[in-house]
Structure formats: C-alpha cells, structure tokens
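What the coordinates show
The lines below spell out each chain.
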Protein chains: 2
Amino acid sequence: MAVTAIIEDLKSLDTSTLVDKVESNLVQLLMDRKLKVGDAIPKEVELAESLGVSRTVIREALLRMRMMGLIESKKKKGAVITSPDLFGIMSKSMNPHILDQETLKDIFELRLVLEIGMADLLFHRITAKDIKELKVIVSNEPPMAKNYLFNIEHEIAFHGKLYEITGNDALKKFQRLLLPVFDYVHNSGLLKKQTGTQTFVSHKALVKILENGTPDEFRTGMRNHLQNHFARIFAK
Amino acid sequence: MAVTAIIEDLKSLDTSTLVDKVESNLVQLLMDRKLKVGDAIPKEVELAESLGVSRTVIREALLRMRMMGLIESKKKKGAVITSPDLFGIMSKSMNPHILDQETLKDIFELRLVLEIGMADLLFHRITAKDIKELKVIVSNEPPMAKNYLFNIEHEIAFHGKLYEITGNDALKKFQRLLLPVFDYVHNSGLLKKQTGTQTFVSHKALVKILENGTPDEFRTGMRNHLQNHFARIFAK
DNA sequence: AATTTTATTAAGTCATACATAATACAAATT
DNA sequence: AATTTGTATTATGTATGACTTAATAAAATT
C-alpha cells in the first residue's frame, strides 16, 4: 500500500468530533422513530446515559439541532420536535457586513433570477384583489421614478407584493432575506455605477401585463424593468 | 393602564437568554472591529473573563457562530473568522423527511422559478466550451426521453450543468440543496400524478437556443420544457 | 540542516453543583 | 365550588474545575 493511500485512509478514519456523532445519531433516531412535530424527545440526562456521553456533549448536539430548527427546548418541558424554518436559519448569517463580496454579488443576481422566473406562479395565483392592490401601490408612486435610491419604499412595496402573490412561502421568506443584501450591494461600491438612468418597463406596465398579458410577456417585461440592475452586473 | 397592556409590556421585557446576549455581543464585536476572514478572535477563557460569564456560555455562543459559519475553531489555534457558507448551513435541515409538506411543495416550485429566471446569466456567461459539453450531455441521452423517472441522471447532468454555467456559486449551492428535495417531492404522493407524458421542448432544443437564440427564447423554451412539472403543481 | 522529541496551548470532554423557570398539585381564600 | 395563591418538582440554563486531545512551537537529537 502506498504511503499516500495510507495517509488518505487515516484521514478518512474519523475526523468527526464526538458531538458530530451524537448529533447525527440523534437526528437519525428522530427520523427512525418517525417522530412528528410536537412530540417530545428524551431528557438530556436520559440521552446522556443511554448514549454513554456527558450531558455537555448532549447539550451541544441538541443546541445544534435547535439552531437547525429541528427542536425547540423549554425549561421543565424538555425538547419537542419542530418543523425547521429553512430560511430562518439562514437569516442568522445573512449579514451583508459579514458575507464576502462574491456571495454578495451572487445574491444580487439571485433576486433578479427569482423575479423573472416567478412569472407562472404569479399568473396562476393572482386574484382580482391582488391586481387592485398592485394598482394602489403603483398609483402612489411618484411619476418619472427614475432614480432607484429615492424610491426604495416603492420598490419594496411593489416587488414585495409580487412575492406575496406567488403564494410560495419559501420564496417570500427567501426574498425577505435577500432584500437587505440586495440593497446593500446596490448602494455599495461592489458593482459599477449605473451609466444611464433611463427607466424601461415601469411598475404600471407590469401590472397591466399581469392583468391582461401572459407569463412570457411578463418575463420579458420584468427583464426589461430590471435592465439597470442587469447592466450593472454585466458591466466590466 | 389596561391589564392586557401591562402584560404585553412585561412580555417584551427580556425573554432572551444569557447566551443570546453574548452571541449578539460577539457578532457585533466582530463587525465593529471589521475583522476579516482569517483573523483570530480571543480565546474562550479570555472572552469568558472579559464578558464576565462562564466559559460554558461563551462556548455555546461560539458554537452557534460556528454553525452559522462565522467562525471556525481549531485546537490550539483558537477560532478564526470565516466567510459564512449560506447554503451549507441550510443543508443540515434540508431533509425531505423532516420538512413539512408546504415547504416541500414550495421548494419544488422554487427550482422551476430558478431555471427559468437564470436565462440572462446563462447567455452572458456561457462559453463555447460549455456548449460543447452540453452537446455531449444531450448526445448521451436516450431518444424519446419521455419518462422522467428513468432519466434522472440525465436530468441532473443537463440541468446541473446549466447551474454551473451561470457562474453563480450561491445559485449552484442552492441547487445542490434543492435537488434531493425536488426528487423526493417528484416521487412522493405530494403532487398529483402526471396525466400525459408528452415531451415538450427537449434538452437538445434548449442547447440550440443557448447557441443561437436569445434569453427570451430560452425562458419560453425552458418553461415549456418544464411543462410537466408545472402541470403537476397547478393540478387541483 | 533536517528530523524527531518534548512542552505548551487551546479547544474538546467530563462531572458536579446550583440557578431559573415552567408545571402540577395542594392549600387557602373568596 | 371555583379561583387564586403557594409550594414542590422537574428539566433546562449557567457556573466551575478538572482532565483529554490535537495542533503548534520550541528544544533536542541525528
């Protein structure tokens, strides 16, 4: 056996810490037992005994699971299974000041991708009431809304409403997460400054498409509406 | 003051635990000091002393930060700042067997949104080499690939390559996360069964669009390609 | 100079004790 | 009898000190 191979073997042996093992054991256990939301899990001391480790380790493993949203622990009551909130977890580290530039740019792009791609969901789920609300939103916008910076509130109101219409909760939460990062990137020096400030397809036009148009038209319209952002992304 | 108001006031007092405070203190500290990736943070005992809490609390706070990907701790060296991997965190709880049905469906939809919305990124970043690779991938596909189930590998190869072409790392990671869930939902009873198995726009056609077409054409094509999935979503 | 051994350091693990908060149940008040 | 109040219990939260382990640095050996 070659030396490198031996080294590889050793490396793959077990680099994981005790807590790692306990954690995956516990997760596995919950899944095996098909525990449902609300079900209680054994107490810390019981787990410590049955797994033969200290309560410290158990607590650390449980803490991780708590962070992942798998469990929720209350004094006296112990811990109960919960349904993890995927994006709630993410929100903890979704901090523009902490993320690196590449990720920040990626997230900027991600928003554009989502808003163009959500067309079909919008058309399938939009109601007359939604359209009415959208019209109210755009009617409150100042005319000639050329400068993004001065209209953040309107941007948020309009685009946020779109996410709401999709009826996709994960998407909504994702947006709320991405929003601050998007704004941060927009206002930071990470992207080239906008050259022109022409407006393209307006919010009003998008509403019109939603009312009378097709998903394809909406995608094209939204792509156009976001042109300034795309220009900044693709500027070299 | 009404009784209910008093109660509300009391509730908002401070339900956060000691670890919560220490955690936010630490995160704030890192941001204030503008620490960069690779910089070391004080040792556990030092932190415990300077904040006037036990090492237990410090460890728990640090553990959380480690889970969020903010720091990485090594024996002897202490902990160093790292750039958080947004989706790495999520992956822990991205388990189809644990997530609730609504979230699962939402994620199913999310994939469709992404793949339609990513058109512009694709067109801007695709290279001749990429197109060549895509052609290889589709040439390996069996003709008349009508049944999704028998062609998962090809689906993954093709669509995975698309994500790669976007050059958006966050998007790529997100996809890798969503993929198992998507498959799970597809094969589960969560959605109505497909009625027809007609194929619409094929992989081959999509490649052609990527080579000679426009983003708009690609979006329309991809929407059509995913028609079977959409049909299942919208089936009542 | 290069390698091996040793010492040191900081995180990982353990055990124990006490604090705190939520619950259940008994007791007291009306 | 019904509701409130007090009390005991219980499980998590916090604190402390000791020990283990692994990575690094320093010293010793070749």
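Rules used throughout
- Residues numbered from 1 in each chain as written.
- Chains lettered and ligands numbered in written order.
- Predicted model: local features only at pLDDT ≥ 70, side-chain atom pairs only at ≥ 80, totals over all residues.
- Heavy atoms only, no water.
- Near = heavy atom within 4 Å.
- Polar contact = N/O pair within 3.5 Å; in protein donor to acceptor, adjacent residues only side chain to side chain.
- Helix = DSSP H or I, 4+ residues; strand = E, 2+ residues; numbered from the N terminus.
- Nonpolar A, V, L, I, M, F, W, Y, C, P; charged D, E, K, R; others polar.
- Contact = heavy atoms within 4.5 Å.
- Buried area = accessible area lost by both parts, 1.4 Å probe.
- Salt bridge = Lys/Arg side-chain N within 4 Å of Asp/Glu carboxyl O.
- Least-squares fit on C-alpha atoms with pLDDT ≥ 70 in both.
- Core = buried A, V, L, I, M, F, W, Y, C linked by side-chain atoms within 4.5 Å.
- Buried < 20%, exposed > 50% of the residue type's maximum accessible area, 1.4 Å probe, protein only.
- Phe/Tyr/Trp six-rings, centres within 6.5 Å; stacked < 30°, edge-to-face > 60°.
- Lys NZ or Arg CZ within 6 Å of the ring centre and 35° of its normal.

A few points about the protein's contact with DNA strand D
What surrounds DNA strand D is a group of 19 residues, the closest being K76 of chain A together with T17, L18, T56 and V57 of chain B. For DNA strand D, the backbone makes up 66% of the atoms found within 4 Å of the protein, where backbone means sugar plus phosphate. Between a phosphate oxygen of DNA strand D and a side-chain N or O atom of R59 of chain A, the distance comes to 2.9 Å. Broken down by secondary-structure element, the contributors of at least two residues to the surface near DNA strand D are helix 4 (55–67) of chain A together with helix 2 (18–32) and helix 4 (55–67) of chain B. Of the residues that constitute the surface near DNA strand D, the class distribution is four nonpolar, four polar and eleven charged.

Re the interface of chain A and chain B
By convention, interface size is frequently given as the accessible area that disappears when the constituent parts associate. Taken together, the 52 residues of chain A in the interface contact 52 residues of chain B. Summed over both sides, the interface between chain A and chain B buries roughly 4,700 Å², with carbon and sulfur atoms accounting for 68% of that surface. At the surface where chain A touches chain B, the tally comes to eight salt bridges. When residues of the side of chain A that touches chain B are traced back to their parent elements, those giving at least two are helix 2 (18–32), helix 4, helix 5 (86–91), helix 6 (101–117), helix 7 (119–125), helix 10 (169–187), helix 12 (215–225) and helix 13 (227–234) of chain A. Taken together, the residues that form the side of chain A that touches chain B break down as 27 nonpolar, ten polar and 15 charged.

Some points on the protein's contact with DNA strand C
The immediate surroundings of DNA strand C are formed by 21 residues, with T17, L18 and V57 of chain A together with R55 and K76 of chain B found nearest. The protein-proximal atoms of DNA strand C, defined as those within 4 Å of the protein, are 69% sugar or phosphate. Taking K76 of chain B, its main chain carries an N or O atom lying 3.3 Å from a sugar or linking oxygen of DNA strand C. Mapped onto the surface near DNA strand C, the elements with two or more residues apiece are helix 2 and helix 4 of chain A together with helix 4 and strand 2 (71–74) of chain B. Its residues placed into classes, the surface near DNA strand C shows four nonpolar, five polar and twelve charged.

As for the relation of the copies chain A and chain B
Turning chain A through 180° and shifting it by 0.0 Å along the axis lays it on chain B, with an RMSD of 0.2 Å. This pairing of chains is accounted for by a two-fold axis. Relative to the rotation axis, the C-alpha of G117 of chain A is the closest in chain A, positioned 1.9 Å from it. Mapped onto chain B, 100% of the interface residues of chain A again fall at the interface, so both copies present the same surface.

With respect to the nonpolar core
A general trend in soluble globular proteins is that nonpolar side chains are found buried together. Counting residues in hydrophobic clusters, the biggest one holds 94 residues, and the most contacted among them are F87, L162 and F218 of chain A together with F87, L162 and F218 of chain B. Aside from chain neighbours lying at most four places away, what touches L162 of chain A is M118, L122, L134, L210, F218 and M222 of chain A. Of all hydrophobic cores here, the second largest spans 43 residues; its members include V27, L70 and I98 of chain A together with M65 of chain B.

Describing the packing of aromatic side chains
Scanning all chains against the criterion turns up nine aromatic pairs over all chains. Both rings, one in F108 of chain B and one in F182 of chain B, keep their centres 4.2 Å apart while their planes meet at 5°; by these two values the pair is stacked. Of this pair, F108 of chain B sits in helix 6 (residues 101–117) while F182 of chain B sits in helix 10 (residues 169–187), and the two are 74 residues apart along the sequence. Using a relative accessible area of 1% as the deciding quantity, one classes F108 of chain B as buried. An aromatic cluster is built from F87 and F174 of chain A together with F87 and F174 of chain B, whose rings are joined through pairwise contacts. Its end group placed over the ring of F182 of chain A, R111 of chain A keeps NZ or CZ at 4.3 Å from the ring centre.

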